[in-house]
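Summary of structural features
Each chain is listed here by its residues.
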Amino acid sequence: MNMFNVSFLFAAYIASAQAQTGSTFKIMNQKLFEGGEKDFCLTPRRNGRANSAVVLKECNIADNQDFSVDSQGRLVNNKSKTCLSAKGSKLRVAKCDAGNDPASKYVYKTMDNALAIFNGEGVGYLTPVDADNQSDERGIRLRPRNYKNKVQKWVIVDSDMDKS
């Protein structure tokens, strides 16, 4: 199965799940999620303005951590209507262009809970960095897959669960 079919299947899976529930979702880091005192979610800086970095911050009920999948399979930040995108090894939100930008197409591998993107250098997996950083956020980079590194695992959580 080629990478575009896999990407399409991910988008179709998420889109059909959303169509059934009508909800948005948060993307939580599994390692920090399991047994930690805090849950960390993907969060665009600067309220998601275009070209803002995406980092891990403590999950909250604010809608800047809510994402959905559009008809082209892109992960869209619901507050800013910007798309999750890659620029080199960095994760950011960018204006959702009308084209078919491969830097905006992500794959969620349900077998091992990895979130990845196919780019010119191959496959990049979302990986938190600055693990020893004591600040309230951690950077995200695209790195090669490391099955022993649990920080490369992600959990998709319905956003409505936080608001109940």
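For the structure, check the block above.
Attention here is on the structure that accompanies the text. Numbering of residues starts from 1 in every chain and runs along the sequence as written. Selection of residues for local features in this predicted model requires a pLDDT of at least 70, selection of side-chain atom pairs for listing and counting requires 80 or more, and totals for whole chains, interfaces and linings are taken over all residues. Calculated side-chain values reflect all of the structure's heavy atoms, with hydrogen atoms and water omitted.

Only centres within 6.5 Å qualify two rings of Phe, Tyr or Trp (six-membered ring in Trp) as a pair; their planes then separate them into stacked at under 30 degrees, edge-to-face at over 60, and tilted for everything else. Counted by the stated rule, this structure contains zero aromatic pairs. Cation over ring: R145 sits above Y125, and NZ or CZ is 5.4 Å from the ring centre. Charge over a ring is defined by NZ of Lys or CZ of Arg lying within 6 Å of the ring centre and within 35 degrees of the ring normal. Across from the ring centre of Y147, 4.6 Å away, lies the NZ or CZ of R145, which sits over that ring.

The disulfide criterion used throughout: a pair of cysteine sulfur atoms within 2.5 Å. Within this structure, the stated rule accounts for two disulfides. Bridging C41 to C59, the disulfide has an S-S length of 1.9 Å. Judged by the sign of its S-S torsion, about 100 degrees, the cystine formed by C41 and C59 is right-handed. Linking C41 in strand β2 (residues 40–44) with C59 in the loop between β3 (52–58) and β4 (67–69), this pair joins segments that are 18 residues apart in sequence. Partly exposed residues are those whose accessible area sits between 20% and 50% of the maximum for their type, while under 20% is buried and over 50% is exposed, using a 1.4 Å probe and protein chains only. On the accessibility criterion, C41 (0% relative accessible area) is buried. Secondary structure counts use DSSP, requiring at least four H or I residues in a row for a helix and at least two E residues in a row for a strand, with both numbered from the N terminus.

Turning our attention to the pattern of salt bridges. Only one rule defines a salt bridge in this text: a Lys or Arg side-chain nitrogen within 4 Å of an Asp or Glu carboxyl oxygen. Per the counting criterion, the structure on display carries five salt bridges. Where K26 meets D66, a salt bridge forms, and the shortest distance between an N and an O atom there is 2.9 Å. On the criterion of sequence distance, the pair formed by K26 in strand β1 (residues 25–29) and D66 in the loop between β3 and β4 is long-range, its members being 40 residues apart. Assessed through its relative accessible area of 1%, K26 is described here as buried. Taking relative accessible area as the criterion, D66 reaches 3% and is therefore assigned buried. One salt bridge connects E137 with K57, and the closest N-O pair in it is separated by 3.8 Å. In this pair, E137 sits in strand β11 (residues 137–143) while K57 sits in strand β3, placing the two residues 80 residues apart along the sequence.

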